[in-house]
Amino acid sequence: MKPLSQPGQFAAAETVEVVGPKGSIPGVRVLGPARGDSQVELSVTDGFVLGVALPVRVSGDVESTPGGHLIGPRGAVRLDQGLIVAARHIHLEPAHAAAAELQDQQRVAVRALGKRGLIFEEVAIRISDKFKTEMHLDTDEGNAAYVRPGDVVEIIADVCGLCPSESCAIRDDPTQKPSRPYCDFAQTRYQIR
Ligand SMILES: [Zn+2]
């Protein structure tokens with residue numbers, strides 16, 4: 001039907017209905033080119049509709065994930081595995097990665113601005129000369145932040161990278177520290193009560 005933003009990838013005219021034990025989702029677009037393993041990228045909300053607990057996986061990592069049925073225009077197939085929530089990620093052209101000093105597979109945080117602005121943690125960096133620089137979120141994530149295709153977001157090293165404090169008790173590893181839910185920076189800046 002049309003090319004996708006990443007070079008060489010395309011959206012097919014055909015759609016399938018994804019069927020799970022509790023419900024189904026019609027009109028799911030088929031994307032190409034074909035891969036070695038079929039993969040169905042869904043949102044967490046889609047998982048509730050289907051009645052399937054979906055794992056968050058990096059695209060391509062479908063080992064031991066839930067399966068389901070696909071009903072297409074010419075027939076139906078059963079997938080033994082392949083239903084995932086795609087891990088949020090940023091495709092980066094090498095020049096952009098070098099300019100921002102980012103490494104392939106690195107995890108960063110990303111801040112979306114606006115009235116429902118929020119910070120996404122655990123965003124995977126993927127670098128290839130076959131990519132066009134772009135962040136990919138699923139519908140749950142995009143809707144939560146009220147972002148739309150074409151919006152601009154900001155990569156930050158991590159959430160604490162926003163903070164000027166050098167002597168923060170939670171800065172290094174919050175899971176290893178005594179309970180202290182909000183840092184001084186957040187207390188003063190956001191007036192948490
Ligand atoms: Zn992507």
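Keep in mind the model is a prediction, meaning the values are calculated, not measured.

### Considerations on the sheet that holds strand 12 (residues 134-136)
- Overall, mixed pairing links the five strands, which are arranged 12-9-11-10-13 in an open sheet. Strand pairing shows two members of the sheet lacking a second neighbour, strand 12 and strand 13 (154-156), which therefore form its edges. Adjacent strand axes in the sheet meet at a mean angle of 40° when their direction is disregarded.
- Pairing geometry for strand 9 (residues 89-92) and strand 11 (residues 118-127), over four bridges, is parallel. Bridge pairing in strand 11 links Leu-92 to Ile-127.

### Describing the pairing of strand 7 (residues 75-79)
- With zero of five residues buried, strand 7 lies mostly on the surface of the structure.
- Sheet topology places strand 6 (residues 68-72) next to strand 7; five bridges connect them, and they run antiparallel. Each residue of the ladder has a partner; that of Gly-68, found in strand 7, is Leu-79.
- A loop of two residues connects strand 6 with strand 7, the two strands running antiparallel in sequence.

### A short note on the nonpolar core
- In terms of nonpolar packing, the biggest core is built from 13 residues, with Val-18, Leu-42, Leu-54, Leu-83, Ile-84 and Val-85 touching the most fellow members.
- Broken down by secondary-structure element, the contributors of at least two residues to this core are strand 2 (10-19) and strand 8 (83-86).
- Ranked by the residues each element gives to this core, the list is headed by strand 8, at four residues.
- Beyond its immediate stretch of four places on either side in the chain, Val-85 contacts Leu-42, Ser-43, Val-44, Leu-54, Pro-55, Val-56 and Asp-138.
- Judged by nonpolar contacts, the second largest core, of six residues, contains Ile-90, Val-123, Met-135 and Leu-137.

### Some thoughts on the pairing of strand 8
- Burial along strand 8 is two-sided: the residues Leu-83 and Val-85 and Ile-84 and Ala-86 are all buried.
- Of the pairings in the sheet, the one linking strand 4 (residues 40-41) to strand 8 comprises two bridges and is parallel in character. From the neighbouring strand, Val-40 faces strand 8, where its bridge partner is Leu-83.
- Bridge analysis of strand 5 (residues 56-57) against strand 8 gives two bridges, and the strand direction is parallel. Across the sheet, Val-56 pairs through a bridge with Val-85, a residue of strand 8.

### Topic: the environment of Phe-131
- Checked against the element boundaries, Phe-131 lands in the loop between strand 11 and strand 12.
- Spatially, the C-alpha atom of Phe-131 lies 8.6 Å from that of Pro-94, the residues being 37 residues apart in sequence.
- Dropping the residues within four chain positions of it, Phe-131 is found in contact with Gln-6, His-91, Leu-92 and Glu-93.

### Brief notes about the sheet that holds strand 5
- In spatial order, the strands read 4-8-5; together these three strands make up an open sheet with parallel pairing. Strands at the two margins of the open sheet, each flanked by one partner only, are strand 4 and strand 5.

### Topic: the environment of Glu-63
- For Glu-63, the position within the fold is in the loop between strand 5 and strand 6.
- By C-beta crowding, Glu-63 is classed as exposed, having 9 other C-beta atoms within 10 Å.

### Structural notes on the confidence of the model for the protein
- Summing up the model confidence of the protein, the mean pLDDT is 87 and the portion of residues at 70 or higher is 81%.
- Here helix 4 (residues 184-190) stands out as the element of the protein with the lowest mean pLDDT, 51, in contrast to strand 4, whose mean of 98 is the highest.
- The low-confidence segment residues 177-181 (pLDDT under 50) makes four contacts with residues lying over four places distant or belonging to another chain.
- Between residues 189-193, whose pLDDT stays under 50, and residues either more than four places distant or in other chains, the model counts three contacts.

Each value, and the rule that gives it
Residues numbered from 1 in each chain as written. Predicted model: local features only at pLDDT ≥ 70, side-chain atom pairs only at ≥ 80, totals over all residues. Pairing = 2+ DSSP bridges. Helix = DSSP H or I, 4+ residues; strand = E, 2+ residues; numbered from the N terminus. Axes fitted to C-alpha atoms, helices over the stretch in contact; angles between N-to-C directions. Buried ≥ 20, exposed ≤ 12 C-beta atoms within 10 Å, placed from the backbone. Core = buried A, V, L, I, M, F, W, Y, C linked by C-beta atoms within 7 Å. Contact = placed C-beta atoms within 7 Å. pLDDT = per-residue confidence, 0-100.

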